[in-house]
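Survey of secondary and tertiary structure
The primary structure of each chain is shown beneath.
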Amino acid sequence: GQSIRELKEDYFKEILYIGHKDSLELTLSVFDNLSFFLSLNDTRVVRQKLNEKLEIFGLENALDRIVGELSVGQRRKVALTRLFFERGKPLWFLDEPLTALDKESAQTVALLIQGQTKFGAVVYTTHQDITLDIEPTNNLTLDIAKEMTK
């Protein structure tokens, strides 16, 4: 194999990372933020497709809204909207994907994760229960509170 340092952009085009901070530019619109992230992978999406996916998260007609005016949960949904367009990537890293989401949106994210396992791997961290109808290859559960009381 080749070193990641040698592969650079080719390597990073093969992974998706959404951290616990949404990495959204607060002064830009929802459309501008999503367009930027998707353009990093040469993905061009029309406004209608973006709006359709935002509607699934209950953010109808939010494309022109300034991200800084959205609630934390709404910003999280904007960041996670990328999942709909990044299905072909072989590896997703998601840090606390369910944080600040309502139950319906958390279920949508669970379904997206579940669907992604048909194309590649998903590595995620969470402090919340997530129900997936898949057999995890590796599932590491840390319960530090129990360890600390021993």
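Report on the accompanying structure. Bear in mind the structure is a predicted one, so any value in this text is a computation, not a measurement.

Here we come to unusual backbone geometry. Of note, Asn-61 is a non-glycine position whose phi angle comes to about 50°, a positive value. Assignment of secondary structure puts Asn-61 in the loop between helix H4 (47-56) and helix H5 (72-80). Using a relative accessible area of 61% as the deciding quantity, one classes Asn-61 as exposed. For Glu-96, which is not glycine, the phi dihedral falls at a positive 55°. Along the polypeptide, Glu-96 turns up in the loop between strand S2 (91-95) and helix H6 (103-116).

As a further point, take the packing of aromatic side chains. This model, assessed by the stated rule, comprises three aromatic pairs. Relative to Phe-12, the ring of Tyr-11 lies with its centre 5.1 Å away and its plane at 75°, an arrangement referred to as edge-to-face. Residue Tyr-11 is classed as partly exposed on the basis of its relative accessible area of 24%. On the basis of an interplanar angle of 65° and a centroid distance of 5.8 Å, the ring pair of Phe-57 and Phe-84 is categorised as edge-to-face. One end of the pair, Phe-57, is in the loop between H4 and H5; the other, Phe-84, is in the loop between H5 and S2, and 27 residues separate them in sequence.

Rules used in this analysis
Residues numbered from 1 in each chain as written. Predicted model: local features only at pLDDT ≥ 70, side-chain atom pairs only at ≥ 80, totals over all residues. Heavy atoms only, no water. Helix = DSSP H or I, 4+ residues; strand = E, 2+ residues; numbered from the N terminus. Buried < 20%, exposed > 50% of the residue type's maximum accessible area, 1.4 Å probe, protein only. Phe/Tyr/Trp six-rings, centres within 6.5 Å; stacked < 30°, edge-to-face > 60°.

Geometry only, nothing functional implied.
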